[in-house]
Amino acid sequence: YILLGLAARGPVHGYDLHKQLGTLDGLSSIWYVKQSQVYALLDKLENLGYLQGTPVPGTAFALRKQYQLTDAGSQVFEAWVKNPVQHPREMRQDFLARLYFASLAGPIAMQQLIDAQYAACLSWQQAIQAALERSADPQSFQYVVDAYRLNQINAMLDWLDQCRTMLLP
């Protein structure tokens, strides 16, 4: 999805995508991918019909592929950016990538994404809290795991509140 988001800016070569990934503010901190992996992912996205690769003459190579987002790719990308992640483990990388692209779309897109993710986190929090309350043995390892998960979700909710303050007008 990150590659789709970068391709949404306009036609781009695989090498240029890899360079962007290493230099974009914040994005380079959450996703590192080798150049060879970029090309493999571009092939996959092209096979899915999300990108269209067109051979064009290059300066260093006889032909280079230039990738352009298709209508299907645009629809898939837009849906991805607007929806919250479904699991807490996806917050560190997937949600941050979504937030990056939502920030490019403007404050309304960021607000909607943050609000949707906040609601998802509240749901996770309630489910874990209920599991802790049902626990027959607060000395069990499962209780310790659930308490850890609850603390993570609470930290996510606090961080999302901070995002509202830092990023939104």
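Every value quoted in this text rests on a predicted model; they were computed, and no experiment measured them.

## Concerning the sheet that holds strand 1 (residues 12–13)
Sheet architecture is open: 3 strands sit in the order 1-3-2, paired in antiparallel fashion. A single partner strand is all that each edge strand has here, and the edge strands are strand 1 and strand 2 (51–57). The pairing of strand 1 with strand 3 (residues 63–69) spans 2 bridges and is classified as antiparallel. Each residue of the ladder has a partner; that of Val-12, found in strand 3, is Tyr-67.

## Some points on the packing of aromatic side chains
Inspection of the entire model under this criterion finds 6 aromatic pairs. With 5.9 Å between their ring centres and 80 degrees between their planes, Phe-95 and Trp-159 make a pair best called edge-to-face. Within this pair, whereas Phe-95 is found in helix 6 (residues 91–105), its partner Trp-159 is found in helix 8 (residues 141–167), the two being separated by 64 residues in sequence. Here the aromatic residues Tyr-1, Phe-77, Trp-80, Tyr-100 and Phe-101 are joined through ring pairs into a cluster of three or more. In this structure, Arg-164 packs its charged tip against the face of Tyr-118, placed 4.5 Å from the ring centre.

## Considering helix 6
Note on helix geometry: an α-helix contains 3.6 residues per turn, so any two residues three or four positions apart are oriented the same way. Taking 1.5 Å as the rise per residue, helix 6 with 15 residues should run 21 Å; its terminal C-alpha atoms sit 20 Å apart, in good agreement. All of the buried residues along helix 6 are Met-91, Phe-95, Ala-97, Arg-98, Leu-99, Tyr-100, Phe-101 and Ala-102. Residues of helix 6 that are buried make contact with helix 1 (2–7), helix 3 (27–30), helix 5 (71–82), helix 7 (107–134) and helix 8. One or two residues past the end of helix 6 sits Gly-106, with phi positive at roughly 120 degrees.

Calculation rules
Residues numbered from 1 in each chain as written. Predicted model: local features only at pLDDT ≥ 70, side-chain atom pairs only at ≥ 80, totals over all residues. Heavy atoms only, no water. Pairing = 2+ DSSP bridges. Helix = DSSP H or I, 4+ residues; strand = E, 2+ residues; numbered from the N terminus. Phe/Tyr/Trp six-rings, centres within 6.5 Å; stacked < 30°, edge-to-face > 60°. Lys NZ or Arg CZ within 6 Å of the ring centre and 35° of its normal. Expected span 1.5 Å × (residues − 1). Buried < 20%, exposed > 50% of the residue type's maximum accessible area, 1.4 Å probe, protein only. Contact = heavy atoms within 4.5 Å.

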